[in-house]
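Spelled out from the first residue to the last, the chains are:
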Amino acid sequence: MADLHIEDFYRDVAKIFVRLYASFPRKMILYVEDISGPDQPDEFGLHHPRFQSCFSAMVWLAEQGYIAFYATIREEALDQVVLTERGFLLLSTRSTAPFDNLDKDENISPSVLEESQTNIAQLRLALKEGSSIKLKQCVSYLLSRPAKGS
């Protein structure tokens with residue numbers, strides 16, 4: 001039986017990384033709704049558990065040193081969020097994971113081939129394909145990389 005909350009976590013982490021990489025080094029407000037989708041609060045105004053889990057994933061990434069932020073905006077967003085050095089280097093470096101895309105095409109320029117093999121490119125591809133298995137493999141690979149200097 002699949003742990004759907006873990007699959008949601010992997011998807012959230014991937015979307016957070018892609019969004020922050022696209023704006024790096026500019027700080028931004030990162031809204032939970034932009035990552036997990038619209039919220040459906042209950043009759044008491046409490047956020048849906050899925051929404052809360054996404055917010056918790058954002059905070060967890062900060063606690064683990066991948067992102068940094070200035071403050072939370074209630075439980076709806078992180079203010080002035082940016083990738084840390086650890087997060088940026090992790091995403092921008094070449095992946096050592098096996099590739100199943102572009103490696104075999106001899107007509108691709110070396111610069112395009114090199115870019116396609118970065119961790120961020122692999123993460124984007126996993127999101128685009130929509131495969132939970134590939135997304136899990138990609139995010140697990142990223143989160144298992146040792147911190148710089150370890």
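Residues numbered from 1 in each chain as written. Predicted model: local features only at pLDDT ≥ 70, side-chain atom pairs only at ≥ 80, totals over all residues. Heavy atoms only, no water.

Quick notes on helix H4 (residues 85–92)
When H4 is considered as a whole, its buried residues turn out to be Gly 87, Leu 90 and Leu 91. For H4, the arc enclosing every buried residue in end-on projection is 90 degrees, short of the 170-degree limit, so these residues lie on one face. (Buried < 20%, exposed > 50% of the residue type's maximum accessible area, 1.4 Å probe, protein only. Helix = DSSP H or I, 4+ residues; strand = E, 2+ residues; numbered from the N terminus. Arc of directions from axis to C-beta.)

Remarks on the packing of aromatic side chains
The final tally for this structure, using the stated rule, is five aromatic pairs. Ring pairing ties together the aromatic residues Phe 9, Tyr 10 and Trp 60, which thus form one cluster. (Phe/Tyr/Trp six-rings, centres within 6.5 Å; stacked < 30°, edge-to-face > 60°.)

Some details on unusual backbone geometry
Here Phe 24 and Pro 25 are connected by a cis peptide whose omega angle stands at 5 degrees. Note on placement: Pro 25 falls in the loop between helix H1 (4–23) and strand E1 (28–31). Here the phi dihedral of Arg 74 falls at roughly 50 degrees; this positive angle occurs in a residue that is not glycine. Tracing the chain through its elements places Arg 74 in the loop between strand E3 (71–73) and strand E4 (77–83). Positive phi values are uncommon outside glycine, yet Gln 80 reaches one of about 55 degrees. If you trace the backbone, Gln 80 turns up in strand E4.

Topic: the pattern of salt bridges
Counted by the stated rule, this structure contains four salt bridges. One salt bridge connects Arg 74 with Glu 76, and the closest N-O pair in it is separated by 3.1 Å. With relative accessibility at 59%, the residue Arg 74 sits in the exposed group. Glu 76 sits in the partly exposed class, given a relative accessible area of 28%. Beyond isolated ion pairs, a larger network of salt bridges with shared partners links Asp 8, Asp 12 and Arg 50. (Salt bridge = Lys/Arg side-chain N within 4 Å of Asp/Glu carboxyl O.)

Observations regarding the pairing of E4
Taken across its seven residues, E4 has six buried, putting it largely inside the fold. As defined by bridge partners, E1 adjoins E4 across three bridges and the pair is classed as antiparallel. Paired with Tyr 31 across the strands is Ala 77, a residue of E4. Direction of pairing for strand E2 (residues 67–68) relative to E4: antiparallel, over a ladder of two bridges. Paired with Ile 67 across the strands is Leu 83, a residue of E4. (Pairing = 2+ DSSP bridges.)

With respect to the side chain of Asp 79
Along the chain, the position of Asp 79 falls in strand E4. For the buried Asp 79, no salt bridge is present, and the opposite-charge side chain at shortest range is Lys 27, 9.5 Å distant. In this view, Asp 79 contacts Met 28, Ile 29, Phe 69, Tyr 70, Ala 71 and Ile 73; residues no more than four positions away in its chain are not counted. (Lys, Arg positive; Asp, Glu negative; His and termini not counted. Contact = heavy atoms within 4.5 Å.)

What about the environment of Pro 25?
Taking the relative accessible area as the measure of exposure, Pro 25 reaches 60% and is therefore exposed. Here the alpha-carbon distance between Pro 25 and Thr 84, two residues 59 residues apart in the chain, equals 9.2 Å.

Notes on the nonpolar core
Residues Phe 17, Leu 20, Leu 30, Ile 67, Leu 91 and Leu 123 are the most contacted members of the largest nonpolar core, which totals 32 residues. Residue assignment for this core shows that the elements contributing at least two residues are H1, E1, helix H2 (32–36), helix H3 (49–63), E4, H4, helix H6 (119–129) and helix H7 (132–143). A per-element tally of this core places H1 first, with eight residues. Setting aside residues no more than four positions away along its own chain, Ile 67 makes contact with Leu 20, Met 58, Leu 61, Ala 62, Leu 78, Val 81, Val 82, Leu 83 and Thr 84. (Core = buried A, V, L, I, M, F, W, Y, C linked by side-chain atoms within 4.5 Å.)

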